[in-house]
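A closer look at the structure
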Amino acid sequence: ISVDVFDFVAFGGTGDLVRRKLLPALFQRDRDHQIEGPTRIIGVSRAEMTRAAYRDFARSAIIDHVDAEDRDQETLDRFLDRLDYARVDAAGEDGWSHLAQVLGEHPDRIRVYYLATSPDLFGGICRRLGDAGLVSPQSRVVVEKPVGKDLTSAQRVNDAVGAIFDEKRIFRIDHYLGKETVQNLMALRFANALFEPIWNSAHIDHVQITVAETLGVEGRGGYYDTAGALRDMVQNHILQLLCLVAMEPPAALDADSVRDEKLKVLKALRPIVDGAVATHTVRGQYDAGASALGPVAAYADEIQNSASQTETFVALKAEVNNWRWSGTPFYLRTGKRLAARCSEILVSFKAIPHSIFDAGAGTIARNELVIRLQPQEGIRLHLMIKDPGPGGMRLRRVPLDMTFAEAFGARNPDAYERLVLDVVRGNQTLFMRRDEVEAAWSWIDPILDGWRHAQDRPKLYRSGTWGPSASIALIERDGRTWHEDA
Ligand code: BG6
């Protein structure tokens, strides 16, 4: 179903996110005829650029980031025709009246202001949009993560954006929530009767959430070195995944019902403070090593700062202090330059209470549910069966496997495709509410504090491995191991 006509204004219009994600996502939606009529896309940045030059920039973005079989000349021409450009100094006073001119008088048209810039600029951009008379009841703003770098700065950003846009019109994006498999997590939990009765600490031994990347910082060192993995991945993506696994069933799928439940989980996270920082967290930084494409440099050399204490890896033991989860730890880990690209959630069930089989039958492994977010998106349930054949009662662990690409064969749309259109529709279910973002920071801040005061630095790990050995020790201390069948 197509959405209403809209103007999409991308601040940071010549940046990496717009090039790699937003333009390709809008193109795909145009190709599927969800974007129709005189919808426009207006790139905004400080660079001096003509409309024709911006269209060239967009054309190359589409060619580089949309598969050849997914693009045709007709859609490309139609799409490029929607593009315009305005030179605006987001941090100063220049260019705002020009932007107003480009936007023209369309009081009823939906306007999406997408702030793909540094969070320091969010407040100023909103204020200047307001001053230039560019905010109508039909306008909405999208802010990229990270919202702030700790609780105080997040509150400041939220206040500044909230002074111009009310909460119903602020879309804090976390692209993990738009991923097809993350959505599927809700379907798995709430569209099946099978799991809910055993979805608690009486039956689940522990949960693991892994988001492993093989890439390094890829030229984003300027931003990344001020952030680190805890702020870049855990505060948002990983905690959101944890919320979806741990939340109570919401009464409905509307934005506030879902977000109310996620908020309760964030508030129930046991704070990791003082001595617990050393026992419940591990931080690492990648050293030189190998990737699939050959030898790679150490993080500190890549960003040319040998004194950097920024973590590119983090492992945590989190606990949700409520009736459902008391006693079931959630082990979280994420890192760059790891051995494989693999994001998954593992739910490990408790062992059977009593075995009726003799020792010759072999070990009875626990049932495990693996929700594979990327790549090879799918769901796998590990069960014990009898090994077929005449060899007597021997048991074997086998996966009940559903790989989505094999099962459905459809293209897996990028998260941004869904999220951008949800903004136009005004659907906030997959976006973070202010209180959620702030509750997540409240949990993260003491860990950052603990690290700041610690004597030790992040532990170096060789690129192409699974991170520092302390991460293995973190989980093995509890008699468990990280799941690795990547
Ligand atoms: C972004 C982080 O939010 O997510 C990046 O800033 C990270 O550092 C990226 O690489 C991972 O996203 P995806 O969709 O490739 O898993």
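What you see is a predicted model; the values in this text were computed from it and never measured. (Residues numbered from 1 in each chain as written. Predicted model: local features only at pLDDT ≥ 70, side-chain atom pairs only at ≥ 80, totals over all residues. Heavy atoms only, no water.)

This paragraph deals with the overall build of the protein chain. Check the secondary structure of the protein chain and you find 16 helices and 16 strands. Taken against the 2.2 N^0.38 rule, which gives 23 Å for 486 residues, the C-alpha radius of gyration of the protein chain at 24 Å falls within 12% of a compact globule. Dimensions along the principal axes, computed over C-alpha positions, put the protein chain at roughly 80 × 50 × 45 Å. The burial tally for the protein chain puts 53% of its 486 residues in the buried class. For the protein chain, long-range pairs separated by at least 24 residues make up 78% of all intrachain contacts whose partners lie at least 6 apart in sequence. For the protein chain, the accessible surface area stands at approximately 21,200 Å², while carbon and sulfur atoms represent 52% of it. (Helix = DSSP H or I, 4+ residues; strand = E, 2+ residues; numbered from the N terminus. Rg over C-alpha atoms; globule rule 2.2 N^0.38 Å. Buried < 20%, exposed > 50% of the residue type's maximum accessible area, 1.4 Å probe, protein only. Contact = heavy atoms within 4.5 Å. Areas by Shrake-Rupley, 256 points an atom, 1.4 Å probe, with all protein chains shown as cover.)

Reading across from one edge, β3-β2-β1-β4-β5-β6 is the order of the six strands in this open sheet, with parallel pairing throughout. On the outer flanks of this sheet lie β3 (83–87) and β6 (170–172), each paired with one strand and no other. Pairwise comparison of adjacent strand axes, ignoring direction, gives a mean angle of 20° for this sheet. As paired strands, strand β1 (residues 6–11) and strand β4 (residues 110–115) are joined by six bridges and run parallel to one another. Paired with Phe11 across the two strands is Leu115, which belongs to β4. Those strands touched by helix α2 (residues 51–65) are β2 (40–45) and β3, and its axis lies near 120° from that of β3. (Pairing = 2+ DSSP bridges. Axes fitted to C-alpha atoms, helices over the stretch in contact; angles between N-to-C directions.)

Glancing now at the site of the ligand. Every residue close to the ligand is listed here: Lys145, His175, Tyr176, Lys179, Glu213, Arg220, Asp232, Met233, His237, Lys336 and Gln374. Glu213 is positioned with one of its side-chain polar atoms (N or O) 2.5 Å from an oxygen atom of the ligand. Gln374 is positioned such that a nitrogen or oxygen atom in its side chain is 2.7 Å from an oxygen atom of the ligand. Top contributing element to the shell around the ligand by residue count: helix α9 (residues 229–246), with three residues. The class makeup of the residues in the shell around the ligand is two nonpolar, three polar and six charged. (Near = heavy atom within 4 Å. Polar contact = N/O pair within 3.5 Å; in protein donor to acceptor, adjacent residues only side chain to side chain. Nonpolar A, V, L, I, M, F, W, Y, C, P; charged D, E, K, R; others polar.)

Moving on, we come to the pattern of salt bridges. As enumerated under the stated definition, the model contains 47 salt bridges in all. Note that Arg87 and Glu48 form a salt bridge whose closest N and O atoms lie 3.6 Å from each other. Taken together, the residues span a long stretch of sequence, with Arg87 in strand β3 and Glu48 in the loop between β2 and α2 at a distance of 39 residues. Given a relative accessible area of 31%, Arg87 falls into the partly exposed group. By relative accessible area, which is 70% here, Glu48 ends up exposed. Across the pair Arg372 and Glu344 runs a salt bridge, and its minimum N-O distance is 3.9 Å. Within this pair, whereas Arg372 is found in strand β13 (residues 368–374), its partner Glu344 is found in strand β12 (residues 342–349), the two being separated by 28 residues in sequence. For the pair formed by Arg372 and Glu344, the shared burial category is buried. Through salt bridges with shared partners, one network takes in Lys168, Asp256, Arg259, Asp260, Arg433 and Asp435. (Salt bridge = Lys/Arg side-chain N within 4 Å of Asp/Glu carboxyl O.)

So, about the UniProt feature "binding site: NADP(+)" (unreviewed entry) in the protein chain. Following the UniProt record, the feature "binding site: NADP(+)" (unreviewed entry) maps to Arg46 and Lys145 here. One can find Arg46 in the loop between β2 and α2. Non-local contacts of Arg46, meaning those with residues more than four positions away in its chain, are made with Tyr85, Arg87, Val88 and Asp89. With respect to the helices, strands and loops of the structure, Lys145 is situated in the loop between β5 (139–143) and α6 (151–162). Owing to a relative accessible area of 17%, Lys145 belongs among the buried residues under this scheme. (UniProt positions renumbered as here; feature names shortened; annotations may be inferred.)

Look at α2 against helix α3 (residues 73–81): their axes get within 10 Å of each other, and the N-to-C directions meet at 140°. In terms of orientation, α2 lies oblique with respect to α3. The hand of the α2/α3 crossing is right-handed. Residue-level contacts link Arg55, Ala58, Arg59 and Ile62 of α2 to Leu76, Phe79, Leu80 and Asp81 of α3. Of the residues assigned to the contact of α2 with α3, the class counts are five nonpolar, no polar and three charged. (Parallel < 35°, antiparallel > 145°, perpendicular 65-115°, else oblique. Left-handed = near helix turned anticlockwise from the far one by under 90°.)

With that settled, the discussion passes to the nonpolar core. Ranked by internal contacts, the top residues of the largest apolar core, which has 143 residues, are Leu23 and Leu99. Setting aside anything within four residues of it in sequence, one finds Leu99 in contact with Val9, Phe11, Ile42, Val44, Ala86, Val88, Leu129 and Leu134. (Core = buried A, V, L, I, M, F, W, Y, C linked by side-chain atoms within 4.5 Å.)

As a further point, take empty space enclosed by the protein. Leftover empty space is mapped by rolling, across the atoms, a probe with the size of a water molecule. Summed over the entire model, instances satisfying the criterion amount to two cavities of 30 Å³ or more. Counted as a void, the second largest cavity has a volume near 30 Å³. Lining the second largest cavity we find Val143, Val147, Val157, Asn158, Val161, Ile170 and Arg172. Listing elements by their share of the lining of the second largest cavity, those giving two or more residues are α6 and β6. Ranked by the residues each element gives to the lining of the second largest cavity, the list is headed by α6, at three residues. Considered class by class, the residues forming the lining of the second largest cavity number five nonpolar, one polar and one charged. (1 Å grid on protein atoms, 1.4 Å probe; cavity = no way out; pocket = protein on both sides within 12 Å on 5 of 7 lines; lining within 4 Å. Points joined across faces, edges and corners; volume = space filled by probe spheres on them.)

Position of Arg111 among the secondary structure elements: in strand β4. Only 3.0 Å separates the side chain of Arg111 from the backbone oxygen of Leu134, close enough to count as a polar contact. Residues contacting Arg111, with those up to four places away along its chain left out, are Asp7, Leu103, Gly104, Leu134, Gln138, Ser139 and Arg140.

In this section: the packing of α6 against helix α15 (residues 434–453). At a minimum axis separation of 9 Å, α6 and α15 run at an interaxial angle of 165°. With respect to α15, the element α6 is oriented roughly antiparallel. The element α6 and its partner α15 pack so that their crossing is right-handed. Residues Leu151, Ala154, Gln155, Asn158 and Asp159 of α6 lie in contact with α15, whose contacting residues are Arg434, Glu438, Trp441, Ser442 and Asp445. Split into classes, the residues belonging to the contact of α6 with α15 amount to three nonpolar, three polar and four charged.

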